[in-house]
Amino acid sequence: MDIEDRASSRSVDLASQIMLQEAERQGIKTAWDRFEAQQPQCGFGELGICCRNCTMGPCRIDPFGEGPNQGVCGATADIIVARNLLRMIAAGAAAHSDHGRDITHTLLLTAEGKSGGYEIKDEAKLNAIATEYGIATEGRGKKEIAYELAQAVYAEFGKQEGPIRFTRRAPSKRVELWQKLGIDPRGVDREVVEALHRTHIGVDNDYVNLILHGLRTALSDGWGGSTIATELSDILFGTPKPIRSMANLGVLSSDKVNIIVHGHEPTLSDMIVAAANDSDLISLAKQKGANGINITGICCTGNEVLMRHGIPIAGNFLQQELAIITGAVEAMVVDVQCIMPAITSLTGCFHTKIISTSPKAKFPGATHIEFHEDNALDIAKEIVKTAVENYPARNTSQVKIPDVKTECMVGFSVEAIINALGGSLDPLLDAIKSGAVKGIVGIVGCNNPKIQHDYSHINLAKELIKNDILVINTGCNAIACAKAGLLLPEAADQAGGGLKGVCQSLGIPPVLHMGSCVDISRILTACAAIANALGVDISDLPVAGAAPEWMSEKAVSIGTYVVASGIYTVLGTVPPILGSANVTKLLTEGAEDVVGAKFAVEIDPFKAAKLILDHITAKRKALGI
Ligand code: SF4
Ligand code: MSK
């Protein structure tokens, strides 16, 4: 295979292909090369049948039935697979929820007047969420309300008994089902700790019981930590509204200081955006020979500032190394999650400074400038200054920015969607009932070098809109669709006649960007609102979820809370469960009878679309529409 063919076999994205060729010419290894070097990957790991939960092991089960069928303690494939899956869910739930906790901390400091530069940007949302929590708002100041709300939300993380507030957005039928199954979640801290307890050697040895706790743990993330992250971010940084911007590596500037924010939390990135507007820093950039400061994003912290400020997005997960290889990035500022440790090794070849900021996420080889909310703006200015001062180190002969970028329209929070519909969900419900819109599908999740980069994201979205399915998306799928031009009202031309008409009358794209990974909670909220309006359960709706290129433990938690909420979900990469026929059967068949939804695994996006369309047709028929 020649260099062009190898690049195009790895990614469908033109900018990425150009940079992959550049990397190969320069002898730089990327995630795709490291993936190849890992082949063949461990078969026991792929099937989920290795265990190292105690030092009598590590143990593994022979998938061919010739070798051992139990670990030293007697754990079977069912137990090992279920325990490993539960630990993945717990890790994913912990990541999202710790993000939510950080936002809660920022709200509390802001209410106390102790945060360095944050303010409450959406007072209407503050009042709405406070009311949901039973907190009085009448005649009270916003800081007083925010203080009481932050305290109440903080208490939810460790709630030992009783429901967590946002679960009660779900239809009462769904809540009753969770209660009946014993999976109505308590605080995420308790569920994650219990998950680790249960998976310790010699505790929970019933795969069904383990998986049920997986559902409960995931629910405490989806309707707990993730929803908290979303709602409190909106209060602090503003609820997203439709805004236009640009996507792909071509958003990097050849003559400005390029700073990429990468990771997940908006607390830092929002402040970096503010600091980059500082006139002294802009003057300093000019003194250093640059034409200004250009902030762009990667992954979900990029999504956060994209949808709130229109900050261009440079790419999704698999583009983080490619961005540095452009030679044009003065600083990549990282917080938490999805940041490859590989990026620091690129600093040996390029002038880019990797600036780590979280005490939870340090990177040998990075410059660590620790971020604290109480002094946020000053620290953000120091970070921006460090990047600006690095501009003269740019080797212009090394710079290669692909001239590839696409316009996008983003920022479709639930509030923005209702606003676009004229103030209520009714026009959307009418369109669903008439069949103009056959259903709604949330496509989410990462990139994974096991799948040609962006191929499944884009083709699944295109196939669904062609069949009159409204697509809503978050995370790296949203970035893939932005780069492919699907987040524009003009993309309605690629939709079926019914969806096209709806999009054209409302002036919206057929694929709606709802935000970052924690904003999958917006999808839950939207589904709950639609189900409540129709007087049915979420599992009755013509909706589905998909994660065509997922890779992270967070995605495992997401998929699980989506299914536990009653939404059929199709995965495009295979989860490590196939070593247990019983666990696989439970998740892909039996779950339907338990929670009214199940997982399917389909690598081909066209076949995945067909599965989803069949599911939506069946749901419409059952509803009599
Ligand atoms: Fe082996 Fe059981 Fe220990 Fe796991 S918990 S490593 S299966 S002995
Ligand atoms: S960033 S979790 S690679 S979607 Fe949220 Fe993308 Fe997946 Fe990270």
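Basis of the calculations
- Residues numbered from 1 in each chain as written.
- Chains lettered and ligands numbered in written order.
- Predicted model: local features only at pLDDT ≥ 70, side-chain atom pairs only at ≥ 80, totals over all residues.
- Heavy atoms only, no water.
- Helix = DSSP H or I, 4+ residues; strand = E, 2+ residues; numbered from the N terminus.
- Rg over C-alpha atoms; globule rule 2.2 N^0.38 Å.
- Buried < 20%, exposed > 50% of the residue type's maximum accessible area, 1.4 Å probe, protein only.
- Near = heavy atom within 4 Å.
- Nonpolar A, V, L, I, M, F, W, Y, C, P; charged D, E, K, R; others polar.
- Domains from an automatic or database assignment.
- Contact = heavy atoms within 4.5 Å.
- Buried area = accessible area lost by both parts, 1.4 Å probe.
- Salt bridge = Lys/Arg side-chain N within 4 Å of Asp/Glu carboxyl O.
- Polar contact = N/O pair within 3.5 Å; in protein donor to acceptor, adjacent residues only side chain to side chain.
- Pairing = 2+ DSSP bridges.
- Patch = residues over 30% accessible without salt bridge, like charges linked within 9 Å, V, L, I, M, F, W, Y side chains within 5 Å.
- Areas by Shrake-Rupley, 256 points an atom, 1.4 Å probe, with all protein chains shown as cover.
- 1 Å grid on protein atoms, 1.4 Å probe; cavity = no way out; pocket = protein on both sides within 12 Å on 5 of 7 lines; lining within 4 Å.
- Points joined across faces, edges and corners; volume = space filled by probe spheres on them.
- Core = buried A, V, L, I, M, F, W, Y, C linked by side-chain atoms within 4.5 Å.
- Axes fitted to C-alpha atoms, helices over the stretch in contact; angles between N-to-C directions.
- Parallel < 35°, antiparallel > 145°, perpendicular 65-115°, else oblique.
- Left-handed = near helix turned anticlockwise from the far one by under 90°.
- Expected span 1.5 Å × (residues − 1).

1. Comments concerning the overall build of the protein chain
Working step 1: When you go through the protein chain residue by residue, the secondary structure sums to 24 helices and 16 strands.
Working step 2: Its C-alpha atoms give the protein chain a radius of gyration of 24 Å, within 12% of the compact-globule value 25 Å for 625 residues.
Working step 3: Along the longest, intermediate and shortest principal axes, the C-alpha atoms of the protein chain span 65 × 65 × 50 Å.
Working step 4: With 625 residues in all, the protein chain has 62% of them scored as buried.

2. Some thoughts on the site of ligand 1
Working step 1: Around ligand 1 sit 13 residues in total, of which Cys51, Cys54, Cys59, Cys73 and Arg83 are the nearest.
Working step 2: Of the residues in the shell around ligand 1, the class split is 8 nonpolar, 3 polar and 2 charged.

3. Some thoughts on the domain arrangement of the protein chain
Often, the extent of an interface is quoted as the loss of accessible area on bringing the components together.
Working step 1: When cut into domains, the protein chain gives domain 1 (3-60), domain 2 (77-237), domain 3 (249-398) and domain 4 (413-623).
Working step 2: Taken residue by residue, the interface counts 38 residues in domain 2 and 36 residues in domain 4.
Working step 3: Summed over both partners, the interface of domain 2 with domain 4 comes to about 3100 Å²; 68% of that surface belongs to carbon and sulfur atoms.
Working step 4: At the boundary of domain 2 and domain 4, one finds 3 salt bridges.
Working step 5: The tally of links from domain 2 across to domain 4 stands at 17 residue pairs in polar contact (both at pLDDT 80 or more).
Working step 6: For the side of domain 2 that touches domain 4, the secondary-structure elements that each account for two or more residues are helix 5 (77-111), helix 8 (172-181) and helix 10 (207-237).
Working step 7: With 15 residues, the top contributor of residues to the side of domain 2 that touches domain 4 is helix 10.

4. Regarding the pairing of strand 10 (residues 406-410)
Working step 1: Counting buried residues in strand 10 gives 4 out of 5 residues, a clear majority hidden from the surface.
Working step 2: Both strand 3 (residues 243-247) and strand 10 contribute to a ladder of 5 bridges, which runs antiparallel. From the neighbouring strand, arginine 244 faces strand 10, where its bridge partner is methionine 409.

5. Brief notes about a nonpolar patch on the surface
Working step 1: On the surface, a cluster of nonpolar side chains totalling about 320 Å² of accessible area is made up of Val574, Leu578, Val601 and Ile603.
Working step 2: Within the secondary structure, isoleucine 603 sits in the loop between strand 16 (599-601) and helix 24 (605-623).

6. A word on the layout of surface pockets
Working step 1: Counted as a void, the largest pocket has a volume near 710 Å³.
Working step 2: Taken together, 22 residues line the largest pocket, and the ones lying closest to its centre are Phe35, Gln41, Asn448, Lys450 and Met551.
Working step 3: Looking at the lining of the largest pocket, the elements that each hand over two or more residues are helix 3 (31-37) and helix 4 (43-47).
Working step 4: Counted by class, the lining of the largest pocket contains 14 nonpolar, 5 polar and 3 charged residues.
Working step 5: Counting the residues that make up the lining of the largest pocket, at least three belong to each of domain 1 (3-60) and domain 4 (413-623).

7. Overview of the pairing of strand 8 (residues 353-356)
Working step 1: When strand 7 (residues 331-334) meets strand 8, the two strands line up parallel, connected through 4 bridges. Each bridged residue has a counterpart across the sheet, and for valine 334 the counterpart in strand 8 is serine 356.
Working step 2: With 2 bridges connecting them, strand 8 and strand 9 (residues 367-368) associate as parallel partners. Across the sheet, the residue bridging to isoleucine 355 is threonine 367, located in strand 9.

8. A look at the pattern of salt bridges
Working step 1: Overall, the coordinates contain 42 salt bridges when judged by the stated rule.
Working step 2: Its salt-bridge partner being glutamate 231, residue lysine 125 comes within 2.5 Å of it at the nearest N-O pair. Residue lysine 125 is located in helix 6 (residues 123-132), and its partner glutamate 231 is located in helix 10; the two are separated by 106 residues in the primary sequence.
Working step 3: You can call lysine 125 buried: its relative accessible area is 6%.
Working step 4: Judged by relative accessible area, which is 7%, glutamate 231 ranks as buried.
Working step 5: Ionic pairing is found between lysine 610 and aspartate 614, a salt bridge with its closest N-O pair at 2.9 Å. In this pair, lysine 610 and aspartate 614 are both assigned in helix 24, 4 residues apart and thus about one turn of the helix distant.
Working step 6: For aspartate 614, a relative accessible area of 40% translates into the label partly exposed.
Working step 7: Connected via shared salt-bridge partners are Lys125, Glu132, Arg169, Glu231, Asp234, Glu304, Arg308, Glu415, Asp519 and Arg522.

9. Description of the site of ligand 2
Working step 1: Taken together, His264, Cys299, Cys300, Phe317, Cys338, Gly445, Cys446, Cys476, Cys517, Met551, Ser552 and Lys554 make up all the residues around ligand 2.
Working step 2: Class assignment for the residues of the shell around ligand 2 results in 8 nonpolar, 3 polar and 1 charged.
Working step 3: Counting contributing residues per domain, the shell around ligand 2 is built from domain 3 (249-398) and domain 4 (413-623), each supplying no fewer than three.

10. Examining the nonpolar core
Working step 1: The biggest cluster of nonpolar side chains holds 168 residues, and the ones touching the most others in it are Ile272, Ile293 and Ile612.
Working step 2: Top contributing element to this core by residue count: helix 5, with 15 residues.
Working step 3: Once residues within four sequence positions are removed from consideration, isoleucine 293 is found in contact with Lys256, Val257, Ile259, Ala276, Leu281, Ile282, Ala285, Val384 and Val388.
Working step 4: Ile324, Val329, Val336 and Ile339 belong to the second-largest nonpolar core, a separate cluster that totals 37 residues.

11. A few points about the packing of helix 1 (residues 3-10) against helix 2 (residues 14-25)
Working step 1: It is the contact of helix 1 with helix 2, at a shortest axis distance of 9 Å, that shows an interaxial angle of 130°. With respect to their mutual orientation, helix 1 and helix 2 come out oblique. Between helix 1 and helix 2 lies a crossing whose hand is right-handed. For the pair formed by helix 1 and helix 2, the contact residues are Ile3, Glu4, Arg6, Ala7, Ser8 and Arg10 on the first element and Gln17, Leu20, Gln21, Glu24 and Arg25 on the second.

12. Some remarks on the side chain of glutamate 463
Working step 1: Note that glutamate 463 resides in helix 18 (residues 455-466).
Working step 2: Judged by its relative accessible area of 17%, glutamate 463 falls in the buried class.
Working step 3: One polar contact links glutamate 463 to lysine 466, side chain to side chain, over a distance of 3.2 Å.
Working step 4: In this structure, glutamate 463 is in contact with Phe606 and Ala609, ignoring residues within four places of it in sequence.

13. Digging into the side chain of threonine 326
Working step 1: Tracing the sequence through the fold places threonine 326 in the loop between helix 14 (320-325) and strand 7.
Working step 2: Setting aside anything within four residues of it in sequence, one finds threonine 326 in contact with Met19, Leu252, Gln398, Val399, Lys400, Ile401 and Pro402.

14. Quick notes on helix 18
Working step 1: Here helix 18 contains 12 residues, and its C-alpha end-to-end distance of 16 Å stays within 8% of the 16 Å for a straight helix at 1.5 Å per residue.
Working step 2: A large share of helix 18 lies buried, amounting to 9 of its 12 residues.
Working step 3: Of all the positions in helix 18, only Ser456, His457, Ile458, Asn459, Leu460, Ala461, Glu463, Leu464 and Ile465 are classed as buried.
Working step 4: Looking one or two residues past helix 18, aspartate 468 carries a phi angle of roughly 65°, positive in sign.

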